[in-house]
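What follows is each chain in one-letter form.
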Amino acid sequence: MADPRSFRSAGVAAAAAAEKSRTGKEKDFDRDPATLTALRGPSPQRTSFAGNLSTTSTLVAPDIELLGSKGHDGRRRHWRRSLGTSLRGLMLPCLGSSEQTDMQAVAAPKDRETIKILLLGPSNSGKSTLYNQMRLLYTKDEFQRHKPGWRATILENLLGHIQAVYQEGKTRGWLFSRVVKRSLRELSDLKDRIYRWWELVELPAEALAPLRNLRDSESWRSAMQTYSLTDTSVDAFYFMDILERLFDDKYAPSSQDVLNTRLKTTGIVETAVDVGGELRYRVFDLGGARAERKKWIRAFDGVDVVVFHAPLGSFNERVDEDAEASQLDEALKLFASIANSKWFADTLIILNFTKSDCLRRKLAAGVKVFTTTRQQTLPDTWADKSQTEANVAAVFADKFLRAAPETADNVVVTFADANDVLQAARLWDLVEAKVRERVVPFRHAQSQSRAA
Ligand SMILES: Nc1nc2c(ncn2[C@@H]2O[C@H](COP(=O)(O)OP(=O)(O)OP(=O)(O)O)[C@@H](O)[C@H]2O)c(=O)[nH]1
Ligand SMILES: [Mg+2]
């Protein structure tokens, strides 16, 4: 099994396996430490993947409602859709003064050393998380200044998740222990003091005890665990584990708290950062939900780098807007249209697989990625592969690369979990290295040929 902390471990294994299947020879990808390329193989084959969930069971508590009556009908999709956007008005200050949804910024003239980078991918794939990692790296002071503004969303993430797990339990007939039922009821009784629409979210001190009881309850943790096998939008274990901090009067979100928080992006968010030397980035974080993608075209002009996000660990999760569509399939279709678009023929495309940690967790829990019960069929070469992280990564890297044009040499594959500081830092290092190695010389060559 690959070293979970290593940025390249799963990717290197994936690249090596794909290369071996293509050429029959071993290739030492460690000699090419920054990239995973050359994964293109012979004729495209179809792959199938599925989730085979183990379930927890148990007794459901009486009806509870933690988030008030506005906008939450109890179904997971509705909760997820409202999560993060509901407090958008409140959260705008934390997005930073250099960011805006103003299209004029998108159309601003391009300077030779200014590199335009788009973060693309479906919703929930880690774009904004990687965007925040970039701000943490290059504009740390500004990022720190805006961290307190995340508090309301963190609390909303925590409460929204509890509501979602409860609703899932109700739908699937899970049995909760008496302590869990009592704690949920106590939280529900506090709901008017916990949640306010268009106001700051506050947690009364009395909420700590029931939340602690939930956190310490085997029954609730097991329900959270099961739920997390089909929804990786919020790492609720993380927030449960910092409960005491959240209740501290002086609580100020840490960088990791922010990186683990889900806030759905609407519109186009931009920031400019000095990278060092002659380089300056203009980075655009675009909302990945289907309705948001209609706005993408406005940012497509003059793009130097696309960092495309494909959530590997979401292979068995559904798209919010379409219960039939898998998140990874959605990512594949989207990637195919980006990689084959005339807008990006000369653009460096970093295809970054995120959520490998979720894949690892799901595999460890016995969830199957490749099963014969899925509608799509497995490619023959992979049908007998064991379901290791490296094999799964290789299958999907191969599948995505086959969706790019046969002759494309502008795609670089990476595996970096967006919420992991080390992995994200290495990804941004890779972006910088590739920009210096390929994008800047390409630009200079273009301007010279224009001048000649
Ligand atoms: N475990 C894990 N969580 C991740 C990873 N990448 C992102 N997340 C979490 O997934 C959730 C969604 O991430 P976002 O960055 O908001 O997703 P997005 O692509 O910007 O989504 P939209 O704004 O809707 O387009 C957040 O709670 C992140 O903390 C990852 O690699 N591993
Ligand atoms: Mg986002």
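Throughout, a residue's number is its position along its own chain's written sequence, starting from 1. In the order they appear in the text, chains get letters beginning with A and ligands get numbers beginning with 1. Predicted model: local features are reported for residues with pLDDT of at least 70 only, side-chain atom pairs are reported and counted for 80 or more only, and whole-chain, interface and lining totals are derived from all residues. As a convention, hydrogens and water are excluded, and side-chain values are obtained from all of the structure's heavy atoms.

The name given to the chain in an unreviewed UniProt entry is G-protein alpha subunit-domain-containing protein, and the organism recorded there is Lasiosphaeria ovina.

Enquirer: Summarise unusual backbone geometry; cite the residues concerned and give the values.
Expert: Of note, asparagine 124 is a non-glycine position whose phi angle comes to about 75°, a positive value. To qualify as a helix, a DSSP run of H or I must reach at least 4 residues; to qualify as a strand, a run of E must reach at least 2; elements of each kind are numbered from the N terminus. Residue position: asparagine 124 is located in the loop between strand 1 (114-120) and helix 5 (127-138). Partly exposed residues are those whose accessible area sits between 20% and 50% of the maximum for their type, while under 20% is buried and over 50% is exposed, using a 1.4 Å probe and protein chains only. For asparagine 124, a relative accessible area of 10% corresponds to the buried category. At lysine 355, a residue that is not glycine, the phi angle is positive and equals roughly 60°. Looking at the secondary structure, you find lysine 355 in the loop between strand 7 (348-354) and helix 17 (356-364).

Enquirer: Account for the pairing of strand 6 (residues 322-326), naming residues and giving values.
Expert: Whether two strands pair depends on DSSP finding at least two bridges between them. Pairing of strand 5 (residues 318-319) with strand 6 involves two bridges; the strand directions are antiparallel. Considered in strand 6, the bridge of valine 319 is made with aspartate 322. In sequence, strand 5 turns back onto strand 6 through a hairpin of two residues.

Enquirer: Explain the nonpolar core residue by residue, including any values.
Expert: A general feature of soluble globular proteins is that nonpolar side chains tend to end up buried together. Ranked by size, the top nonpolar core spans 43 residues in total, and within it Leu118, Leu120, Phe308, Phe335, Phe353 and Phe400 carry the most contacts. At the level of elements, strand 1, strand 3 (279-286), strand 4 (305-311), helix 16 (327-339), strand 7, helix 17, helix 19 (389-403) and strand 8 (411-415) are the ones that each hand at least two residues to this core. Among the elements that line this core, the one with the most residues is helix 19, at eight residues. Every residue pair with non-hydrogen atoms within 4.5 Å of one another is taken to be in contact. Setting aside residues up to four positions removed in sequence, phenylalanine 400 forms contacts with Ala310, Leu328, Ala331, Leu332, Phe335, Leu351 and Phe353. By convention a nonpolar core is built from buried Ala, Val, Leu, Ile, Met, Phe, Trp, Tyr and Cys residues, the set being connected through side-chain atoms within 4.5 Å.

Enquirer: Quick one: what's the story with the pattern of salt bridges, residue by residue and with numbers?
Expert: Each salt bridge in this description consists of a side-chain nitrogen of Lys or Arg and a carboxyl oxygen of Asp or Glu lying within 4 Å of one another. In the structure shown here, the tally under the stated rule is 21 salt bridges. Of the charged contacts, one joins glutamate 168 and arginine 172 as a salt bridge, the two residues approaching to 3.0 Å between their closest N and O atoms. One end of the pair, glutamate 168, and the other, arginine 172, are both in helix 7 (residues 151-172), four residues apart, so they sit about a helical turn from each other. On the basis of relative accessible area, glutamate 168 is assigned to the buried category, the value being 13%. With a relative accessible area of 30%, arginine 172 lands in the partly exposed category. Note that aspartate 216 is salt-bridged to arginine 215, the shortest N-O span being 3.2 Å. Ionic contacts of the salt-bridge type, sharing partners, join the residues Arg212, Arg215, Asp216 and Glu244 into one network.

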